[in-house]
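Residues per chain, in single letters:
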Amino acid sequence: MNSSTRNLLWLALVVLTWGHVTDGTLFKLLPLDDVMFTEDVLWEKPARVETECSLMCAGDARCVLSTFAPGPEGSAGRCRTHSKRQRPTWRTEAVSGARTFTPVTTDKWIEKVCTSNSDCTEYMAACYSGMCLCDGGFFFDNYLNGCTSTCTRNLGNSYLKYLGWDLFSHDLFSKKAYGTMSTCEHACNADHSCTAFSYLSHVDTCYFKQVTAQDYPKDWRVYNLSTHCRRTCA
């Protein structure tokens, strides 16, 4: 199989898993079914299918999020677009069959300097210690340049570092770091169940995790003596 065929097959897999390609732009399907958002709305227009809605979004430089809700049989649906990425605090309305898409950006935004969450406009991104990172228990997908709740492929060997944060308890095992976090990275990379570790500087020890803050949000806390390191998606 040549490289061109492999690339086409990979694109087909991405589209089936993540969304669709419209006018050359890959649109990522977000895990937000059956809701429409009421904040930071750009406009709402009729559309027949999801791809038509995405095409209208792609034609407006301000649009970073679009939701398509199908209409009654034989009637057009609704396409609602937004000027900002969805935040967990956004108000919603229940709309059966609604699905939300965002265009995949090629701009390097991860670890961009920030002063507040409003500087981090990607889906489920937030400002941690002056850098835009994926929020809570979300992973960064290198291929799609965005945050995701699960890795559709394997975990990679690179890490996002959350200075001053820890996921308390829920440890797989612990290991002495001997003054360098690379010791802990190698140990986590060698364990297929390891998704992250917390390095506690005052005891020079890493505590390895299988679960994330999505599983235990109340245990995701500020802790100045810890650096939480989460693997990215390959």
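Located above this text is the structure these notes cover.
Residues numbered from 1 in each chain as written. Predicted model: local features only at pLDDT ≥ 70, side-chain atom pairs only at ≥ 80, totals over all residues. Heavy atoms only, no water.

### With respect to the overall build of the protein chain
Then, number 1: Tallying secondary structure elements over the protein chain gives three helices and 17 strands in all.
Then, number 2: Every one of the 234 residues in the protein chain was classed for burial, and the buried ones make up 47%.
Then, number 3: Excluding contacts between residues fewer than 6 apart, the proportion of contacts in the protein chain whose partners are at least 24 apart in sequence is 65%.
Then, number 4: As displayed, the protein chain has an accessible area near 11800 Å², and 53% of this comes from carbon and sulfur atoms. (Helix = DSSP H or I, 4+ residues; strand = E, 2+ residues; numbered from the N terminus. Buried < 20%, exposed > 50% of the residue type's maximum accessible area, 1.4 Å probe, protein only. Contact = heavy atoms within 4.5 Å. Areas by Shrake-Rupley, 256 points an atom, 1.4 Å probe, with all protein chains shown as cover.)

### Quick look at the packing of aromatic side chains
Then, number 1: All told, the structure shown has eleven aromatic pairs when counted by the stated rule.
Then, number 2: When the ring of Trp109 is compared with that of Phe140, the centres are 5.8 Å apart and the planes differ by 75 degrees; the resulting orientation is edge-to-face. Pair noted here: Trp109 is in the loop between strand S8 (99–103) and strand S9 (125–128) and Phe140 is in strand S11 (residues 139–141), with a separation of 31 residues, a long-range link. As far as the burial class goes, Trp109 and Phe140 line up, both buried.
Then, number 3: Each residue in the set Tyr128, Tyr162, Trp165 and Trp220 is aromatic and connected to the rest through ring pairs, giving one cluster.
Then, number 4: Across from the ring centre of Trp43, 4.4 Å away, lies the NZ or CZ of Lys45, which sits over that ring.
Then, number 5: Its guanidinium or amino end placed over the ring of Trp220, Arg230 lies 5.4 Å from that ring's centre, counting from NZ or CZ. (Phe/Tyr/Trp six-rings, centres within 6.5 Å; stacked < 30°, edge-to-face > 60°. Lys NZ or Arg CZ within 6 Å of the ring centre and 35° of its normal.)

### What about the pattern of salt bridges?
Then, number 1: As enumerated under the stated definition, the model contains ten salt bridges in all.
Then, number 2: The partner of Asp60 in a salt bridge is Arg62, and the shortest N-O contact between them spans 2.8 Å.
Then, number 3: When the shortest N-O distance is used, the salt bridge between Glu93 and Arg80 registers 2.8 Å. With a gap of 13 residues between them, Glu93 in strand S7 (residues 92–94) and Arg80 in strand S6 (residues 77–82) connect regions that are remote in the sequence.
Then, number 4: The exposure class of Glu93 is partly exposed, given its relative accessible area of 28%.
Then, number 5: For Arg80, a relative accessible area of 8% gives the class buried. (Salt bridge = Lys/Arg side-chain N within 4 Å of Asp/Glu carboxyl O.)

### Looking at the side chain of Thr227
Then, number 1: For Thr227, the position within the fold is in strand S17 (residues 220–233).
Then, number 2: Judged by relative accessible area, which is 12%, Thr227 ranks as buried.
Then, number 3: With residues up to four places along the chain from it excluded, the contact list for Thr227 reads Lys161, Tyr162, Leu163, Gly164, Trp165, Met181, Phe197, Ser198 and Tyr199.

### Regarding the state of the cysteines
Structurally, a disulfide amounts to a covalent bond that connects the sulfur atoms of two cysteines.
Then, number 1: Applying the stated criterion across every chain, the model contains eight disulfides.
Then, number 2: Two residues, Cys114 and Cys127, share a disulfide whose sulfurs are 2.1 Å apart. Since a negative S-S torsion denotes a left-handed disulfide, the Cys114-Cys127 link at about 95 degrees is right-handed. With a gap of 13 residues between them, Cys114 in the loop between S8 and S9 and Cys127 in strand S9 connect regions that are remote in the sequence. (Disulfide = S-S within 2.5 Å.)

### Let's talk about the nonpolar core
Then, number 1: If you look at the biggest cluster of nonpolar residues, it comprises 28 residues, and the most contacted ones within it are Trp109, Cys134, Leu160 and Tyr162.
Then, number 2: Every element with two or more residues in this core is listed here: strand S3 (35–37), S9, strand S10 (131–134) and strand S13 (155–167).
Then, number 3: Among the elements that take part in this core, S9 stands out by supplying four residues, more than any other.
Then, number 4: Each residue touching Trp109, except ones within four places of it in the same chain, is listed here: Glu122, Ala125, Cys132, Leu133, Cys134, Phe140, Asn145, Gly146 and Cys147. (Core = buried A, V, L, I, M, F, W, Y, C linked by side-chain atoms within 4.5 Å.)

### Considering the environment of Lys161
Then, number 1: Its location among the elements puts Lys161 in strand S13.
Then, number 2: Sequence spacing of Lys161 and Leu133 is 28 residues, and the spatial spacing of their C-alpha atoms is 8.5 Å.
Then, number 3: Sequence-distant contacts of Lys161, defined by excluding residues within four places in its chain, comprise Met131, Leu133, Met181, Glu185, Thr227, His228 and Cys229.
Then, number 4: A polar side-chain atom of Lys161 sits 3.3 Å from a polar atom in the side chain of Glu185. (Polar contact = N/O pair within 3.5 Å; in protein donor to acceptor, adjacent residues only side chain to side chain.)

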